[in-house]
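Notes for the structure review
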Protein chains: 2
Amino acid sequence: MPPSPDKSAHEQHDERRHVKVGPISGFPELLPAHQRALDALIEKIRTTYERCGFTPIETPAVERADVLTAKGGVQRQIYGLTRPAVDRADADAPEIALRFDLTVPTARFVVQHEAQLQFPLRRYQHQRVWRGERAQRGRFREFAQFDIDIIGRGGLDDLHDAEVIAVMAQALAAIGLADARIHVSHRRVLTALTEAAGLDGADGMLATIDRAGRAGVEAVLADLARQEVPEPLVTSVGRLLACTTLEEVRGVLEDAGASADGVDALQRIVESAVVLGTPRERMVLDFSIARGLDYYTGLVVETFVPGHERWGSICSGGRYDNLASHFGSRTFPGVGVSIGVTRLFDLLVKARRVEIGAATPAVVLVCTPERDRYLTSYLDLARRLRAAGHDTELFLQRRPLRDQLTTAARKGIPLVVIAGERELAEEAVGLKDMRDGVQRLVPIDELPERVAELLDPASVEVAA
Amino acid sequence: MPPSPDKSAHEQHDERRHVKVGPISGFPELLPAHQRALDALIEKIRTTYERCGFTPIETPAVERADVLTAKGGVQRQIYGLTRPAVDRADADAPEIALRFDLTVPTARFVVQHEAQLQFPLRRYQHQRVWRGERAQRGRFREFAQFDIDIIGRGGLDDLHDAEVIAVMAQALAAIGLADARIHVSHRRVLTALTEAAGLDGADGMLATIDRAGRAGVEAVLADLARQEVPEPLVTSVGRLLACTTLEEVRGVLEDAGASADGVDALQRIVESAVVLGTPRERMVLDFSIARGLDYYTGLVVETFVPGHERWGSICSGGRYDNLASHFGSRTFPGVGVSIGVTRLFDLLVKARRVEIGAATPAVVLVCTPERDRYLTSYLDLARRLRAAGHDTELFLQRRPLRDQLTTAARKGIPLVVIAGERELAEEAVGLKDMRDGVQRLVPIDELPERVAELLDPASVEVAA
């Protein structure tokens with residue numbers, strides 16, 4: 001028995017030219033239905049950010065390598081770029097690499113274009129970043145982030161911190177995460193305690209405290225004691241980590257003789273976020289969130305979805321007063337948050353918290369059952385439907401009608417137009433609803449209108 | 001005289017940490033107003049492509065290096081990636097590089113995901129590509145392309161070529177280029193002439209003929225004669241390059257005793273594109289467009305804007321029957337076109353053929369002139385306007401009102417809300433139209449509605 005034609009063709013294929021295709025670990029891509037669902041989610045976030053007066057910025061994927069490493073990039077995770085042949089002889093061509101986040105490129109952008117920007121700059125940015133991390137479950141090497149930041153020149157009122165919290169809460173609600181809990185902390189609260197204890201700053205303790213969420217408060221306090229942190233300070237930190245209200249925080253600070261600056265700022269931020277529409281119960285005091293060692297200078301934010309705590313934080317950020325200091329002489333304080341949309345979408349799909357719809361935007365398929373005779377009519381029907389604003393696919397392969405209907409079903413196209421001699425003689429077409437199987441005879445002049453009715457669920461009920 | 005504080009700070013800056021920021025040649029980025037204009041243009045293209053039933057796909061920026069070079073990538077223009085530290089010990093980690101176009105990744109995508117895709121696949125893809133070309137005027141090294149392709153499995157009716165022409169014509173019209181001229185050619189016309197002359201194929205002549213647009217027909221014919229192309233064939237090619245109608249092409253083929261297959265296909269494609277809504281006069285026969293040497297197998301398309309011919313083709317593509325052949329055993333014939341949006345936008349801006357609007361989506365700025373007393377009212381006004389669907393910015397810096405109005409003017413925000421003790425005592429606000437300077441007293445309850453009226457030009461006339 002001869003091999004199947006396909007098999008044979010495959011075996012005869014020139015091996016020199018045959019290149020392996022397969023996924024590269026850490027570089028995900030989506031099939032059409034999932035891509036459309038992700039695009040819809042992105043669009044909801046974007047609409048929310050524009051509603052709150054944020055404007056889009058995009059930066060090149062590539063930055064000078066020294067710009068990336070100056071701002072805390074983990075050098076061993078950065079993908080450098082080889083020089084193309086045309087640059088090999090050019091000693092002045094800069095070393096370039098792929099960005100690992102959107103915050104550093106934005107800091108560079110702000111310093112570079114300062115004279116042409118209006119401050120405070122409210123920008124959103126949705127682009128991909130690259131990190132050569134060890135491949136793990138849920139860890140991607142190429143992924144998109146959706147960031148907002150408000151960046152001032154010289155100074156930035158901390159009411160902007162409240163704006164960022166309120167806006168991110170709205171964006172999360174828009175994508176079905178109205179239940180997300182926003183954990184807030186403020187660097188100056190911990191700094192006040194360490195200063196009252198006669199220490200220089202809190203930097204040394206932050207990495208330890210950051211473990212509280214995973215290792216537990218007891219383990220963290222034991223660690224601090226081992227690090228010879230004075231016993232009264234360890235006690236204060238223990239009380240702080242247990243605080244659930246701002247009043248309790250005030251009590252801890254007062255007992256330690258520490259400044260209330262940080263808790264005043266945090267209170268003002270939280271109150272303003274409430275007035276801006278953020279439900280108070282969605283904000284949770286959590287002094288265990290530290291987010292890195294020396295990057296943030298005030299508010300720190302992480303966000304968790306109840307029932308999905310092991311996802312970790314889905315939206316994180318805070319206030320950074322010195323980010324652009326490596327690039328210029330001026331101060332550009334900023335506050336912002338970032339949603340890791342590639343990872344979040346992946347988690348939402350697995351948790352069935354996002355709807356995966358059709359593999360095409362088309363809501364109508366114009367079939368071509370008697371193509372040789374009526375091709376012009378079919379092309380014209382598609383043109384009419386598109387002109388009326390209906391996303392329309394035209395079936396142009398030479399196939400039996402049942403194959404054409406199968407295509408509509410598999411792509412998830414709800415309506416099909418079927419017309420042959422009988423229908424076209426009456427200047428009409430068959431309009432079939434694939435969802436209930438009902439086929440109606442519709443005059444061509446009324447077709448766009450009838451399609452609109454069938455797509456509007458309210459009208460469908462009336463018609464049924 | 002001491003230096004200014006800024007100067008002083010700059011001079012005292014730690015030189016080790018100071019990193020140069022500046023543009024990297026060939027890697028463009030846009031200021032907010034331009035970015036918004038580009039986004040609006042992209043959105044018009046995307047809407048058109050969805051209207052015609054194309055679905056989005058995105059692929060990683062990164063492909064295996066052998067995938068890119070197998071499909072005709074110019075190796076010396078490809079940006080390779082260095083391995084991150086975590087992969088250095090892994091001999092099996094593939095060499096990876098940045099894509100140079102969107103067609104090769106799509107061919108790889110189709111072969112890899114064949115079992116989960118519906119064919120013909122109509123996909124659009126708007127992403128960036130990277131080419132290490134020598135920097136020239138208007139040449140970018142990182143730029144976005146917006147592609148559509150229809151890809152069949154096993155076969156693809158050439159009516160899809162007509163669809164692609166019609167859809168691209170609509171997309172260009174949507175971005176203000178309804179005057180663009182679509183130059184069409186078909187590979188089989190030239191092949192028929194060479195076969196009739198007893199030669200193997202037309203590949204050797206295509207590079208020469210491709211120069212006709214720049215060097216002129218006479219120079220091309222002289223070149224062909226020098227290449228010892230038979231004299232009757234040179235004559236036929238000369239007549240073909242002068243053809244302006246399909247009838248003339250038929251005459252040339254007939255006189256040469258050549259097959260009319262190619263001109264039949266081209267005629268069918270053009271006629272169908274007309275029925276699909278493409279004005280006949282926008283399509284121009286042009287057998288000088290060759291587009292590379294062996295990539296396209298049928299229809300070839302380039303697009304020029306009258307009065308801007310030196311821009312070159314702004315949208316190009318054609319039919320390729322063998323693109324995926326390196327990646328698998330099956331045939332995946334395709335047809336598609338690509339708009340180089342980064343370059344096109346740059347040209348449109350310079351030619352003032354695109355409107356550059358405000359630097360923010362915000363249509364209202366809520367000012368905070370008596371912030372210490374009425375902050376809660378201001379925050380609440382912003383919340384109300386946003387809830388009503390108005391893109392609203394809130395001024396949160398502590399500045400005099402005149403600075404706040406200057407911010408609105410500079411960002412291009414048309415309306416500002418000004419409220420102090422007097423207005424708020426009446427549960428009203430001042431709503432100032434920055435375009436004509438008129439300020440109205442508006443009850444807070446009516447604010448969202450009045451904003452909507454002022455933003456709708458028709459209503460503005462009635463109100464004036």
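Residues numbered from 1 in each chain as written. Chains lettered and ligands numbered in written order. Predicted model: local features only at pLDDT ≥ 70, side-chain atom pairs only at ≥ 80, totals over all residues.

**Some words on the overall build of chain A**
Worth spelling out the cut-off: Per the convention used, a helix needs a DSSP run of H or I reaching at least four residues, while a strand needs a run of E reaching at least two, with both numbered from the N terminus. Note on burial: count the other C-beta atoms lying within 10 Å of the residue's C-beta; 20 or more is buried, 12 or fewer is exposed, in between is partly exposed, and C-beta positions come from the backbone. By the convention adopted here, residues are in contact when the distance between their C-beta atoms, placed from the backbone, does not exceed 7 Å.
Along chain A, the regular secondary structure elements total 18 helices and 15 strands. Summarising its shape, the C-alpha atoms of chain A cover approximately 95 × 65 × 55 Å along the three principal directions. Buried positions account for 45% of the 464 residues belonging to chain A. Expressed as a percentage of contacts within chain A between residues at least 6 apart in sequence, the contacts between residues at least 24 apart total 67%.

**Considering the sheet that holds strand β7 (residues 283–285) of chain A**
Residue and element names in this part refer to chain A. Short version of the rule: Whether two strands pair depends on DSSP finding at least two bridges between them. Between N-to-C directions, angles cover 0 to 180 degrees, with each direction set by a line fitted to C-alpha atoms, over the stretch in contact for helices.
Spatial ordering of the open sheet is given by β1-β4-β5-β10-β9-β8-β6-β7, a layout of eight strands whose pairing is mixed. Strands with a single pairing partner mark the edges of an open sheet, and in this sheet they are β1 (55–56) and β7. Sheet analysis places strand β9 (residues 315–320) next to strand β10 (residues 334–339), joined by six bridges and oriented antiparallel. Paired with G317 across the bridge in β10 is V337. Contacts from helix α5 (residues 159–174) reach β5 (142–151), β6 (181–186), β8 (299–304), β9 and β10, with the element oriented near 15° to β10.

**A word on the domain arrangement of chain A**
This is how it is decided: How far each domain reaches was decided by an automatic or database domain assignment.
On domain assignment, one finds that chain A holds domain 1 (32–350) and domain 2 (364–463). One C-alpha centre belongs to domain 1 of chain A, the other to domain 2 of chain A; they are set 50 Å apart.

**Overview of helix α5 (residues 159–174) of chain B**
Residue and element names in this part refer to chain B. Just so we agree on the cut-off: Helix span is expected to be 1.5 Å times the residue number reduced by one.
Here α5 contains 16 residues, and its C-alpha end-to-end distance of 23 Å stays within 8% of the 22 Å for a straight helix at 1.5 Å per residue. Judged by how many residues are buried, α5 sits mostly within the fold: 14 of 16 residues are covered. Remark: G176 follows α5 within two positions and exhibits a positive phi of approximately 85°.

**Observations concerning the relation of the copies chain B and chain A**
The operation linking the two copies of the chain is a rotation about an axis combined with a translation along the axis. Formally: C-alpha atoms of residues with pLDDT of at least 70 in both copies form the basis for the least-squares superposition of the copies.
The two copies are related by a screw motion: chain B maps onto chain A through a turn of 180° and a shift of 0.0 Å along the axis, at an RMSD of 0.0 Å. Here the two chains are linked by the operation of a two-fold rotation axis. No C-alpha of chain B approaches the rotation axis more nearly than that of L81(B), which lies at 2.3 Å. A shared interface surface links the copies, since 100% of the contact residues of chain B are contact residues in chain A too.

**Some points on the nonpolar core**
Rules: Working definition: the nonpolar core is a set of buried Ala, Val, Leu, Ile, Met, Phe, Trp, Tyr and Cys residues, joined through C-beta atoms within 7 Å.
The biggest cluster of nonpolar side chains holds 259 residues, and the ones touching the most others in it are I165(A), V364(A), V366(A), I165(B), V364(B) and V366(B). Excluding its chain neighbours within four sequence positions, the residues that come into contact with I165(B) are I182(B), I269(B), A273(B), T278(B) and V301(B).

**Focus on helix α15 (residues 401–411) of chain A**
All names here are of chain A. The cut-off we apply is this: Taking the helix axis as origin, the arc is that swept by the directions to the C-beta atoms.
Three or more residues of α15 are buried, namely T407, A408 and K411. The arc that holds every buried residue of α15, seen down its axis, measures 95°, which confines them to one face. Against β11 (364–366) and β13 (415–418) lie the buried residues of α15. In the stretch just after α15, G412 is the one whose phi turns positive, near 80°.

**Digging into the sheet that holds strand β10 (residues 334–339) of chain B**
Residues and elements named next belong to chain B. Within the open sheet, the eight strands sit side by side as β1-β4-β5-β10-β9-β8-β6-β7. Their pairing is mixed. One side of each edge strand has no neighbouring strand; the edge strands of this open sheet are β1 (55–56) and β7 (283–285). Direction of pairing for strand β5 (residues 142–151) relative to β10: antiparallel, over a ladder of six bridges. Within β10, the residue paired with I151 across the bridge is G334. Across the sheet, helix α12 (residues 261–275) lies against β6 (181–186), β7 and β8 (299–304), angled at about 150° from β6, the strand it touches most.

**Let's talk about the pairing of β13(A)**
On any regular strand, side chains alternate: one points to one face of the sheet, the next to the other face. As judged from the three bridges shared by β11(A) and β13(A), these two strands associate in the parallel manner. Within β13(A), the position partnered with V366(A) by the bridge is V417(A).

**Brief notes about the packing of helix α11 (residues 246–255) of chain B against α12(B)**
Residues and elements named next belong to chain B. Keep this limit in mind: Just so you know how the angles are binned, under 35 degrees is roughly parallel, over 145 roughly antiparallel, 65 to 115 roughly perpendicular, and the rest oblique. Note that Gly is not counted as nonpolar here; it falls among the polar residues with everything else outside the nonpolar set of Ala, Val, Leu, Ile, Met, Phe, Trp, Tyr, Cys and Pro and the charged set of Asp, Glu, Lys and Arg.
The geometry of α11 relative to α12 is characterised by a closest axis approach of 10 Å and an angle of 170° between their N-to-C directions. One element, α11, and the other, α12, form an angle in the roughly antiparallel class. Within the contact between the two elements, α11 uses L246, V249, R250 and L253 and α12 uses V263, L266 and Q267. In terms of residue class, the contact of α11 with α12 is made up of five nonpolar, one polar and one charged.

**Examining the pairing of β6(A)**
All names here are of chain A. Of the pairings in the sheet, the one linking β6 to β8 comprises six bridges and is antiparallel in character. Bridge pairing in β8 links H186 to L299. Alignment of β6 against β7, held across three bridges, turns out to be parallel. Considered in β7, the bridge of V184 is made with L285.

**Focus: the packing of helix α9 (residues 217–226) of chain A against helix α10 (residues 231–242) of chain A**
All names here are of chain A. The condition that has to hold: Each crossing is labelled by how the near helix is turned from the far one, with a counterclockwise turn of less than a right angle marking it left-handed and a clockwise turn marking it right-handed.
The contact between α9 and α10 brings their axes to 10 Å, and the two run at 160°. In terms of orientation, α9 and α10 fall into the roughly antiparallel class. Handedness of the α9/α10 crossing: right-handed. From α9, V217, L221, L224 and A225 reach across to α10, where they touch V234, V237, G238 and L241. Residues of the contact of α9 with α10, tallied by class, amount to seven nonpolar, one polar and no charged.

**Observations regarding unusual backbone geometry**
All names here are of chain A. In the segment running from F119 into P120, the intervening peptide bond is cis, with an omega of -5°. When you line up the elements, P120 lands in the loop between α4 (103–113) and β4 (121–130). At E427, a position not held by glycine, the phi torsion is positive, near 55°. Its location among the elements puts E427 in the loop between α16 (421–425) and β14 (428–433).

**Thoughts on the confidence of the model for chain A**
Residue and element names in this part refer to chain A. Inclusion rule: Each residue gets a pLDDT score, which is the predictor's confidence in that residue and runs from 0 to 100.
When pLDDT is averaged along chain A, the result is 89; 91% of the residues meet or exceed 70. Segment residues 1–16: pLDDT under 50, and seven contacts once partners within four positions in sequence are set aside and those in other chains are kept. Both scores are available for the predicted complex, with the pTM at 0.92 and the ipTM at 0.92.

**Quick word on the environment of I151(A)**
All names here are of chain A. With respect to the helices and strands, I151 occurs in strand β5. A tally of 24 C-beta atoms within 10 Å means that I151 is categorised as buried. Counting along the chain gives 170 residues from I151 to D321, while the straight-line C-alpha distance between them is 9.3 Å. With sequence-adjacent residues up to four places away left out, I151 is seen in contact with V110, F119, P120, L121, F332 and G334.

**So, the environment of E281(B)**
Among the secondary structure elements, E281(B) is positioned in the loop between α12 and β7. Taking the C-alpha atoms as reference points, E281(B) and R310(B), 29 residues apart in sequence, are found 21 Å from one another.

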